[in-house]
Every structure is written in C-alpha cells, then in structure tokens.
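Summary of structural features
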Amino acid sequence: MLSGALSCKTTTRGFTQSYELVFDSQTRGRRRGNQNMDHLPDNNSRYKDVDYWDERYKTEQSYDWLGSFSKFQHILENHVKKEDSILMLGCGNSSLSGDMYVAGFRSITNIDYSSVCISTMSARHSDCPGMTWHEMDVRQLSFPDASFDVVLEKATLDALMVDEKDPWRLSPKTTCFIHKALTEISRCLKPGGRFVSITFHSPFLRKRLYARTEYNWSIKKFSYDGGFEYFVYVMTKGEELSPEDAALEKKLLDDAKSPPAKVTTLHTEPDEDFLSNIDL
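Residues numbered from 1 in each chain as written. Predicted model: local features only at pLDDT ≥ 70, side-chain atom pairs only at ≥ 80, totals over all residues. Heavy atoms only, no water.

Digging into the sheet that holds strand S8 (residues 229-237)
Picture the strands of a sheet paired through backbone hydrogen bonds; they go either parallel or antiparallel. The seven strands are arranged S4-S3-S2-S5-S6-S8-S7 in an open sheet whose pairing can be described as mixed. The sheet is open, and its two edges are formed by strand S4 (131-135) and strand S7 (217-225), each paired on a single side. For this sheet, the mean inter-axis angle between neighbouring strands, taken without regard to orientation, is 20 degrees. Bridge count between S7 and S8: nine bridges; the pairing is antiparallel. Bridge pairing links Lys221 to Tyr233 in S8. Sheet contacts for helix H3 (residues 69-76): strand S5 (148-154), strand S6 (189-199), S7 and S8; angle to S7, the most-contacted strand, approximately 140 degrees. Helix H8 (residues 203-210) contacts S5, S6, S7 and S8 of the sheet and is inclined by roughly 20 degrees relative to S8. (Pairing = 2+ DSSP bridges. Helix = DSSP H or I, 4+ residues; strand = E, 2+ residues; numbered from the N terminus. Axes fitted to C-alpha atoms, helices over the stretch in contact; angles between N-to-C directions. Contact = heavy atoms within 4.5 Å.)

Rendered as structure tokens:
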C-alpha cells in the first residue's frame, strides 16, 4: 500500500513519528492504485476530528485500514462464531462488515460517530437482514450490559493516538478517552465474550492499555502479514490476566505512583534514519 520508501529521522520524537507512520503512509499509498490524494489530511491529528471523516465519507466509497478481511480471516474464525452477536466499533466505510456478512456472520451491529458514514453504509447494506447501523460514541455505548458475544475494532483506537508525543506515556485526555471506551466495551460483552482489537501496535504498546484487572478479561496476541506485521488481540471476558500481564499491570501502577525519572535527550547525527523502506 505504500508508494515508496518512507523514513524519519532519529530524534526524541522517533516513536511518535513511527506511531503516526501507518496512518500517513497508508493514505499516501493510494498512488499505487492511481487513486487521488483528496482524502489526505493536512496533519494526522485530523484523524480524530469527526468533521474530517464526514467530509471524507461524502466522496470516498470504501477504504480498509490494515488490510482486508481475507488477511486475518483465519484468526478471526478461530475466535468468532457465525452465530455470535457482533458489535463493530468505528465501522467507517470499510468492507469488513460486508465481507463478514457474506462469510456467514449475520448478526452485526455497526457504530460510527460520523452521521454521513452511518447514512451511507446503512443504505449500501439495506439488503442485509441482521445488520444494523447506528451513530454512536464508543465512550457512551447505548446498549444494555452483556449485549454482545463479540466487540470488534480495526484501527479505531489507533486513530485516537496518532498525534501523541510519546506512545509510552499517553496524554491524560487520550488515556481517559481510551479507558472510557474499554470500560464500555467490557460492560457490553457477555460473560465469555471476546473483544477483538486489530492494530499496528505491538504488545509493548498495546498491552499497556489492555492489561487491567478491572476490565475482567484475559489477553491473547496474534499477528498477520498485510505487507507489514499487524496484530490481533483477543480479550476474553471473565478470564484472568496471565501472570505476565498481571505483572505488567502491577508495574504500570507502581510506576504511576513514582515521581517521573529525569529524561536525557539523545543527540544523533542528522542523517541517521529511523524506520526506512517500510512497505505497507
């Protein structure tokens, strides 16, 4: 999906730049299919702006972040049953729900905070009984407790973090946003239900968000090749964290109570590359 080599300089913002790389490069990568660049935002922070998505969805037909359903279908079908009730978070104009429906998953509730998206996708899939579309904020899900067997998101949480300065220490605003979303996801899962999260974030970053006893779930990690290594996390409601993940939670809680360590800025040669020739 990436049209050419991308590189960013090694600075104290190195992680931030790589953190944003997938969103920026996936959009730019449309050149390969001779598609226009009309939907590329001025800066990556626009990916959190509903107005940006409303405008984009008025003209864009479909786009799949992190690859199509076929790339990770083999993983999903091991954890999601055809008869499961599924909640799709931040559905966008992705073909994922439609592809899953064709594959036999017939109970899919889709939500997105873009009214343009929901109106368009509802009309597009009006001939799919069992598939519904709702304008909704992931932080305030208007469903009763234990409503779904599966909650699924693909790059929705990623979009909330693209302009973070340090992915190891998220801003209080983003931390609060994600915690509210995860709390709602856990609430809406049935006992034994699964939260499936598809992302470009490695366990070093993503488990820091998911490994919390209060969410009442275990964590398993899988990966697939979409031109780049992407990750699938499956959280099962009612199962305990593994000893490793419980230890991670304890460390994070202990670190939060400790005063911040002094940070020493690293100075590197200006021509040193960090992440280059990544083909998405």
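Okay, back to it.
What about the side chain of Asn110?
As for its placement among the helices and strands, Asn110 is situated in strand S3 (residues 108-112). Apart from the residues within four sequence positions on either side, Asn110 is in contact with Met88, Cys91, Ser97, Ile118, Met131, Thr132, Trp133 and His134.

Describing the confidence of the model for the chain
Averaged over every residue, the pLDDT of the chain is 80; residues scoring 70 or more account for 73%. A low-confidence stretch, residues 1-36 stays under pLDDT 50, and its non-local contacts, those more than four residues away or across chains, total 109 contacts. Overall, residues 263-280 carries pLDDT values under 50, and its contacts beyond four positions in sequence, including any with other chains, amount to 46 contacts. (pLDDT = per-residue confidence, 0-100.)

Some words on the pairing of strand S2 (residues 86-89)
Neither face of S2 is exposed, since Ile86 and Met88 on one face and Leu87 and Leu89 on the opposite face are all buried. As defined by bridge partners, S2 adjoins S3 across three bridges and the pair is classed as parallel. If you follow Leu87 over to S3, its bridge partner there is Thr109. Remark: the S2/helix H4 (residues 96-102)/S3 crossover connection has right-handed handedness. Across four bridges, S2 lies against S5 in parallel orientation. The residue bridging Leu89 from the neighbouring strand is Glu153, located in S5. (Buried < 20%, exposed > 50% of the residue type's maximum accessible area, 1.4 Å probe, protein only. Right-handed = clockwise from strand over helix to strand, strands pointing away.)

Concerning the pairing of S6
By the criterion of burial, S6 is predominantly enclosed, with eight of the 11 residues buried. As defined by bridge partners, S5 adjoins S6 across six bridges and the pair is classed as parallel. Note on S6: the bridge partner recorded for Lys154 is Ile198. Pairing of S6 with S8, which is carried by six bridges, proceeds in the antiparallel orientation. Paired with Arg194 across the strands is Thr236, a residue of S8.

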